[in-house]
Amino acid sequence: MNFLLLAAENATQLPLAVSNGTNWFLEHAWIVPLLPAVSFVIILFFGKRMPRKGAEVGVAAVALAFVFAVLTGVAWINHRDNYTPPAASESALVIDGGEIAPDQVVPAAEEAPTKGEVVTEGGGEAEQPTVAIHKSTTWLRNGGVAFDAGILVDGLSVLMLFMVTLVSLLVHIYSTDYVAGDRRYTHFFAFLSLFTAAMLFFVLSDNILQMIVGWELVGVCSFVLIGHWWEEKANSDAAMKAFITNRVGDIGLLVGVIILFFTAGNGSFDILTINSNIVSGGVSHTALIVAAMSLTAAVMSKSGQFVLHTWLPDAMAGPTPVSALIHAATMVVAGIYMVARLYPVFFEGMQIGGSSINLLAVVGAVTLVLAGLVAFVQSDIKKVLAYSTISQLGYMVMALGVGAWTAAIFHLFTHAFFKACLFLGAGSTSHAVHSFDMKKDMGGLRRWMPHTYLTFVVASLALAGIFPLAGFWSKDEILSGTGGWGLFGGTGGNGAYTFMLAMGILGAALTGAYMTRVIYLTFHGEFRGHGTPHESGRLILVPLYVLAGFALLAGLINLPVGFITGNNSSWQERFGHYVQPVAGYFPDIAQATPSYSLAIVSSFVAFAGIGYAFWYYFVKLDRLARATGESLTELPDGLVANSAVARAGHTLLVQKYYLDHLYTDIIVGTTKGVIARAANWTNQNVIDGAVNLAGRWSVKVGRFTYDRIDQPLVDGLANATGRASNSLGDGFRVVQTGKVQQYAALLFAAAALLGGALVVVLSL
Amino acid sequence: MTDFLNTWGLTAVIFVPLIGAAVMMLIPEREEETHKLIALLTSLLTLGFVAALMIEFDYGDAGTMQFVQDKGWIDVINSRYILGLDGISIPLLALTVLIVPSVIVYSWHHIPHPGNAKAFLILNLILETGMVGTFLAQDLILFFLFFEVVLLPMFFMIAVWGGEDRRYASLKFFLYTLFGSALMLLGFLALFFLAKDPVTGAALHTFDMRALTASAGSGIVHSTQLWIFAAMFIGFGVKVPIFPFHTWLPDAHTQAPTQGSVILAAVLLKLGTYGFLRIAIPILPGAATTWAPWIGLVAVIGIIYGGLACLAQTDMKRLIAFSSVAHMGFVMLAIATMTPFGFNAAIYGMVAHGLITGMLFFVAGSVKERFHTLDIKRLGGLLISVPKLGWILGIVTMASLGLPGLAGFWGEFPAILAAYNPANGLSPSIFRTFMVIAALGTVLAAGYLLWLYQRVGMGEPSEEFAADPGITDVNTREWLAWTPLLALIVVFGFLPGLIFNVTDPAVVQILDNCLQNADGCTAVAQSALGRG
Amino acid sequence: MLLNQFLLLAAVLFCIGVYGVLVRRNGMLVLMSIEIILNAVNINLVAFGALTDNVGGEVFALFAIAVAAAEVGIGLAIVLLMYRNRRSIDLSEADLLKG
């Protein structure tokens, strides 16, 4: 099926996306987010009156959405392999008038295979191009231009639909037991639904404006759910911290989106337009790098990368299912998804190909190690998992930074399952001991909770990257994708990211070690809590087993090329084949070749990490505990006790690199305290003072005018006139006696006088 | 019906409230229920007229004035009675006639101390006449008249029904705005004498805004234009209020009765920004381009400064008042860009701010009524003591901080967006700096609003209110008054096209018009979509 | 012609009337003095009418008598009311017109 060649020969144009003429499920993917959205409204207004307080609506809606997502996935697989896009002349016919926007059309020549992308994969045969499904309708008009809202369905969004609905469904089921009896049970399910809807809306967005909407909506759901038990100030503080930290990153998102809108989009928010414009060149590199760096800030806050990650551990204040769904599997990967969606921006902007360092890769690499280190000093099991999540997100960001796109998305996929499993497992243990503190209230739980223990161990091994569990495949793909394995034959890739490779391998060791510590402290040794723990019910265990199953097997869907079966096997690179676009809206990235030597070395390092922790906890500590008869959580004469340097390092880790102090005490404290008060003082005393001063002076001037000018001079003149008339009147007044006869006398006298005068005049 | 609307529709909308007020004056004061009923019916009738106008309105041609009335008025100064409705006026008109009935419904059981429903409601109706008239007048003197009509009822509302410090606040409000209006009138007079016909060059001697817009400042020396614009800038700027003319606002808001605060925040502040959109910029585009960076500067100062001042407040109402300064800063920044995006964002921001801040003041009023305090330190746990009120406060808070999916976002984001690429002739680097500062302002907004909500909404209610039987949840009247506003906040959040599609043709028209005439206008010649 | 005698009589009667009006304090007598003045005028009218052989003189005299009757009617009414209110018709006490 060599479509590209055909297209080039006919000199026709290749559509990036079509709006119809494909599968019904692909065209109606918007139903998937709509279902939980409807469920949110129903639960909010009617949930309390339902027999199960609204939970049944949430579960049903998400289950239905999951079914839809699976069917969409099947449809996509079919579409990806079999769909032949119509040629340009036909594609014009595809466009309906009215609501459906014209599909983006790019000359085939611009995105014809120039490098390895199309040719090399699967060994020589040209990869069929991806044709996404894009449907949209006018959302608003501005500046005489219509802006659309719609769905963009391709491998990436279909994958996310599947992953989000699946984890959400399991978390919904889990929650019906876990939060049973909570005073805001209905409210909890309403917001789980809303979150699911917002997340699905986000991943289906066909334009970056819509992405912002989804991005913020998942943020606010996270805020509400972290602060679910807002009666305690610590919880509402955590919620606020999450929201405001994310807002800081959102500055980057807003700025980045705006830059893309004007430069790459030429006045359009449309993802396909932006991406294909960048891929075909002609977008200013300066603009792209600024946009990419701004967006990286957004990734740092949303996906918990250094230095904006501090909200994520605090977010564990929320109920555990929320941590599993939002703060492990879905929302925190929104940043990763955004980068993946707008990959040309980063790939071209940061010039990932052929380089050995860039912001994204460094942020990821630093995060994965620093977060892994902090995980060692946490005694709260959820916080360990939170730091582990940060570390794993670091892997994904690093992978995107080094150009290993498929590896990043693959890791996103596998991580969702084993991390959700770990969180739900942690929730299950806390259900038993009513605490998350491993050192105070846990220990030896494997005796009472065998199912939780089993699934937890499986997920931990997957997380640690042990062959052949899911994490092994995805992590190994990231490591080989760095292209830094140059000393031993090289793995290709987009550049020589040796530093990232080193960090990645170090991270593998750390991961294994801290998970071993968690397992020992939680499930081994003597029980340190109160009462008798018990295994959780079926509604909790079933999701655990499902997720553990995925943690066990999910890695097999993307076996590296050449693994065991040789080339051209239909079992290799399936994930990459269906998810990674081969199209004009995706950059020309090189695929790394898998390396046995690297896989062996990284596995060895992971084992070393596990081994050291095993020796420390399971051997030395356990032996000491048996000897003393106490239940210990750390060696009394360990490194920290003996070395000043180690003690300093330990303090640094316990204080979480003092970032919280910097933010809470210094930045927020100063803003809220000194600066805000100064602003208020200025307002009251300077600006308002000036107004009042002007007012007072006006009054003074007025009084002066009145007292010195108006009253004595102006008014004086007027009064003088009046007084003169008055005295004149007084003079005449005496004549008026009121006696008629006197008046008559005057009358006659006057008449006589006049008569006399007349006579005199006439006689003259 | 169509004929009636065409010939009398706009006049009816303006004067129906005044007729209602006149009828109420004839009825003795003790018949309170009758007064409330008449006031409500009058405002609903006005709403009905506006609804009819909106149905009849030709949206395809939203850029031109419709339902125009043009009658002789004061022939001596060639001032005419001209009314007209276009896409810019419609959202604001609708906002006004929606807010007034909801204020009246809210007043049903909430006539503030010292009572006297008759006078209070009459003032409301007179206010409505003034506000509606301002948005419809197409003659500068007529505009000025309505602009000033608004002042007195609001003055009395604060001075009679206000809080403890009402005398000071009301006088400050009155004098400050009057001071601005005086300068504005000077500007209008200067336009009357100086504006010339762009084609013939003959002096226009008219107050007709349409003619003046068409002439777009031609024939006026640029430096003179700058002075005229400055006079109008202060006149409108005081009303907005732009930093540093904002200090009357917190006092007026804090002292005003709830209804007064709502109307003040929801509509009165918009008269100023509307003046910029309708009068100052279209009539003097050349001067506007010179002033725009300064407007942008005071706008972003307002955003940051208002946000910081909010963080230092201890009184809920005062905090909301300062947040208005910040939000109107976004509107002014959008206007300063002089692009279609910016103007549309400004109108959206005005409507959104009207709905959201109006709601915030309603909630604050209800909190005050129940708890007899607005001290943030003493309040707490609304979600427990009055859960529905707490929820409403939560939604409105979220809307106010610009959450997508609620109305506030569509005023804020496009404003920031427009600042990236201001009209030609304006320095992009300056405006991009403004853009980043404004984006920083969104963090502050999240900070103070969430802080407010955390203190007031979350946590346990304090013990002093534990046994107070007066603390009840949202009652029917409040629901009636609030539901339309809340619904619109959500609807406008998801369907921004409802407003953008109406305003856009008018905005494009007004900016295009600037382009074709006079000096400086060529500078605005390209719309802002980055193609210039 | 005896016109001079008639004029002289009329002048005397007129002066008597004027004297009465100006000097008498009794309202009734003032009224009667006014009648005398009017009749003095009537004599003049008739006299001149006869002299010039013009009947207008008599007509005017009759007209003046009729008007005088009406005037006396109103004048008597005023005096009566004055008496009723003040129990006196002394005009020197009626000084309400004083300024």
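Residues numbered from 1 in each chain as written. Chains lettered and ligands numbered in written order. Predicted model: local features only at pLDDT ≥ 70, side-chain atom pairs only at ≥ 80, totals over all residues.

A.B. asks: I tried to follow the overall build of chain A on my own but got confused; where do I start?
C.D. replies: Within chain A, the regular secondary structure consists of 30 helices and five strands. For chain A, with 764 residues in total, the buried portion stands at 54%. Residue pairs at least 24 apart in sequence account for 80% of intrachain contacts in chain A once pairs closer than 6 positions are excluded. (Helix = DSSP H or I, 4+ residues; strand = E, 2+ residues; numbered from the N terminus. Buried ≥ 20, exposed ≤ 12 C-beta atoms within 10 Å, placed from the backbone. Contact = placed C-beta atoms within 7 Å.)

A.B. asks: Even after reading the chapter, I still don't get the overall build of chain B, so can you show me in this structure?
C.D. replies: Regarding its fold elements, chain B presents 20 helices and two strands. A compact globule built from 532 residues would reach a C-alpha radius of gyration of about 24 Å, and chain B, at 22 Å, matches this within 12%. Across its three principal directions, the C-alpha atoms of chain B cover 75 × 55 × 40 Å. Buried residues in chain B amount to 64% of all 532 residues. Across chain B, the fraction of contacts at a sequence separation of at least 24, relative to all contacts at a separation of at least 6, is 79%. (Rg over C-alpha atoms; globule rule 2.2 N^0.38 Å.)

A.B. asks: Is there a simple way to think about the interface of chain A and chain B in this case?
C.D. replies: At the interface, 43 residues of chain A touch 43 residues of chain B. If you list the elements that add at least two residues to the side of chain A that touches chain B, you get β4 (132–142), α9 (208–226), α10 (233–262) and α29 (659–733) of chain A. Within the side of chain A that touches chain B, the residues separate by chemical class into 24 nonpolar, eleven polar and eight charged. (Nonpolar A, V, L, I, M, F, W, Y, C, P; charged D, E, K, R; others polar.)

A.B. asks: Just to check I follow, could you spell out the nonpolar core for this structure?
C.D. replies: Here is a general trend for soluble globular proteins: nonpolar side chains tend to be buried in one another's company. A:A408 and A:A551 are the most contacted members of the largest nonpolar core, which totals 455 residues. Not counting residues within four places of it along the chain, the set of residues in contact with A:A408 comprises A:I336, A:A340, A:M396, A:A399, A:L400 and A:I478. (Core = buried A, V, L, I, M, F, W, Y, C linked by C-beta atoms within 7 Å.)

A.B. asks: Before we go on, may I ask you to explain the pairing of strand β5 (residues 145–153) of chain A in this structure?
C.D. replies: Residues and elements named next belong to chain A. Of all nine residues in β5, seven are buried, a share of seventy percent or more. Across nine bridges, β4 lies against β5 in antiparallel orientation. What sits directly across from L140, in β5, is F147. Counted between consecutive antiparallel strands, the loop separating β4 from β5 contains two residues, among which G143 sits at a positive phi close to 60°. (Pairing = 2+ DSSP bridges.)

A.B. asks: Is there a simple way to explain the packing of helix α18 (residues 381–402) of chain A against helix α19 (residues 405–433) of chain A in this structure?
C.D. replies: A pair of packed helices can be characterised by two numbers: the angle between their axes and the separation between those axes. Residues and elements named next belong to chain A. Packing of α18 against α19 leaves a shortest axis separation of 9 Å and a crossing angle of 175°. On the basis of the axis angle, α18 is roughly antiparallel to α19. Facing I381, K382, L385, T389, Q392, Y395, M396, A399 and L400 of α18, the residues of α19 in contact are W405, A407, A408, H411, L412, H415, K419, L422, F423 and A426. Its residues placed into classes, the contact of α18 with α19 shows 13 nonpolar, four polar and two charged. (Axes fitted to C-alpha atoms, helices over the stretch in contact; angles between N-to-C directions. Parallel < 35°, antiparallel > 145°, perpendicular 65-115°, else oblique.)

A.B. asks: Would you take a moment to explain helix α24 (residues 538–553) of chain A for this structure?
C.D. replies: Note on helix geometry: an α-helix contains 3.6 residues per turn, so any two residues three or four positions apart are oriented the same way. Residue and element names in this part refer to chain A. In this model α24 runs 22 Å from its N-terminal to its C-terminal C-alpha over 16 residues, within 8% of the 22 Å that 1.5 Å per residue would give. Considered for burial, the residues of α24 that qualify are I540, L541, P543, L544, L547, A548, F550 and A551. On its buried face, α24 is in contact with α7 (155–178), α19, α21 (450–464) and α22 (470–481). (Expected span 1.5 Å × (residues − 1).)

A.B. asks: Hey, could you run me through the environment of A:V279 in this one?
C.D. replies: All names here are of chain A. In this structure, V279 sits in helix α11 (residues 271–279). Residue classification places V279 among the buried residues on the basis of 23 C-beta atoms within 10 Å. In sequence terms V279 and P344 are 65 residues apart; their C-alpha atoms lie 6.3 Å from each other.

A.B. asks: In this structure, what is going on with the interface of chain A and chain C? I would like to understand it.
C.D. replies: Contact with chain A, which involves ten residues of that partner, is made by eleven residues of chain C. Of the residues forming the side of chain A that touches chain C, the biggest block, five residues, is contributed by helix α30 (residues 740–763) of chain A.

A.B. asks: Would you mind going over the sheet that holds β4(A) with me for this structure?
C.D. replies: Within a sheet, neighbouring strands are paired by backbone hydrogen bonds and run either parallel or antiparallel to one another. Residue and element names in this part refer to chain A. Taken together, the three strands give an open sheet; going across it, the order is β2-β4-β5, and neighbouring strands pair in mixed fashion. Of all the strands in the sheet, the pair left with one neighbour each is β2 (17–18) and β5. Judged from the two bridges that link them, β2 and β4 form a sheet pairing that is parallel. Residue pairing for β4: V18 is matched across the bridge by I133.

A.B. asks: Where do I start with the pairing of strand β1 (residues 66–74) of chain B in this structure?
C.D. replies: Along any regular strand, the residues point their side chains to alternate faces of the sheet. All names here are of chain B. The pairing of β1 with strand β2 (residues 79–85) spans six bridges and is classified as antiparallel. Across the sheet, residue G72 finds its bridge partner in β2, namely R80. If you look at the hairpin formed by β1 and β2, you'll find four residues sitting between the two strands, and N78 has a positive phi there, around 55°.

A.B. asks: For this particular structure, what's the right way to read the arrangement of the chains?
C.D. replies: Taking contact number as the criterion, the leading pair out of two pairs of chains in contact is chains A and B. If you take every C-alpha in chain B and every C-alpha in chain C, the smallest gap between them is 43 Å, and the two do not touch.

A.B. asks: What is the right way to look at α29(A) in this model?
C.D. replies: Residue A:D710 marks the point of greatest curvature in α29(A), where the axis turns by about 55°; the proline A:P712 follows within four residues. Within α29(A), only four of the 75 residues are buried, which leaves it mostly out in the open. Regarding α29(A), the residues found buried are A:A676, A:A679, A:N680 and A:N683. Buried-residue contacts for α29(A) involve α12 (285–311) of chain B. (Bend = angle between axes of the 7 residues up to and from the residue.)

A.B. asks: Can you help me understand unusual backbone geometry in this one?
C.D. replies: Outside of glycine, negative phi angles account for most residues, and trans bonds account for most peptide bonds. Here A:F467 and A:P468 are connected by a cis peptide whose omega angle stands at 0°. Along the chain, the position of A:P468 falls in the loop between α21 and α22. Here B:F243 and B:P244 are connected by a cis peptide whose omega angle stands at 0°. By the element assignment, B:P244 lies in the loop between α9 (222–239) and α10 (248–255). Although it is not a glycine, B:F67 adopts a positive phi angle of roughly 55°. Tracing the sequence through the fold places B:F67 in strand β1. Judged by local crowding, B:F67 falls into the buried class, with 22 C-beta atoms found within 10 Å.

A.B. asks: Is there a simple way to explain the domain arrangement of chain A in this structure?
C.D. replies: Reports often express the size of an interface as the amount of accessible area lost when the parts come together. Residue and element names in this part refer to chain A. Domain annotation for chain A reports domain 1 (1–206), domain 2 (213–225 + 233–351) and domain 3 (361–558 + 595–654). With 30 residues of domain 1 in contact, the opposing surface of domain 2 contributes 29 residues. Counting only elements with at least two residues in the side of domain 1 that touches domain 2, the list comes to β5, α7 and α8 (185–204). By residue number, the principal contributor to the side of domain 1 that touches domain 2 is α7, which donates nine residues. For the side of domain 1 that touches domain 2, the residue count by class is 22 nonpolar, five polar and three charged. (Domains from an automatic or database assignment.)

A.B. asks: So what exactly am I meant to see when it comes to the environment of B:A159 here?
C.D. replies: Mapped onto the fold, B:A159 is located in helix α6 (residues 151–161). In sequence terms B:A159 and B:A256 are 97 residues apart; their C-alpha atoms lie 7.9 Å from each other.

A.B. asks: Hey, could you run me through the confidence of the model for chain A in this one?
C.D. replies: One rule of thumb: low pLDDT means the predicted coordinates there are not for detailed reading. Residues and elements named next belong to chain A. With 89% of its residues at a pLDDT of 70 or more, chain A has an overall mean of 82. Averaged pLDDT values for the elements of chain A fall to 35 in helix α6 (residues 116–119) and rise to 92 in helix α15 (residues 334–341). The model gives residues 1–13 a pLDDT under 50, and that stretch makes 24 contacts with residues more than four places away or in other chains. (pLDDT = per-residue confidence, 0-100.)

A.B. asks: What should I look at first to understand the confidence of the model for chain B in this one?
C.D. replies: Residues and elements named next belong to chain B. Averaged over all residues, the pLDDT of chain B equals 87, while 96% of them reach at least 70. Averaged pLDDT values over the elements of chain B bottom out at 82 in helix α20 (residues 497–516) and peak at 93 in helix α3 (residues 89–107). Note on residues 517–532: pLDDT is under 50 here. Beyond four places in sequence and across chains, it has 60 contacts. Interface confidence in the predicted complex, given as ipTM, is 0.89; pTM for the same model is 0.82.

A.B. asks: In this structure, what is going on with the environment of B:I38? I would like to understand it.
C.D. replies: Residue and element names in this part refer to chain B. Relative to the elements of secondary structure, I38 occurs in helix α2 (residues 32–56). Assessed through the 21 C-beta atoms surrounding it within 10 Å, I38 is described here as buried. Sequence separation between I38 and I347 is 309 residues; the distance between their C-alpha atoms is 32 Å. If sequence neighbours within four positions are ignored, I38 has contacts with G20, V23 and M24.

A.B. asks: So what exactly am I meant to see when it comes to the packing of helix α12 (residues 285–302) of chain A against α15(A) here?
C.D. replies: Residue and element names in this part refer to chain A. At a minimum axis separation of 8 Å, α12 and α15 run at an interaxial angle of 155°. By the angle class used here, α12 and α15 are roughly antiparallel. Contacts between α12 and α15 involve L295, A298, V299 and K302 from the first element and A334, G335, M338 and V339 from the second. For the contact of α12 with α15, the residue count by class is six nonpolar, one polar and one charged.

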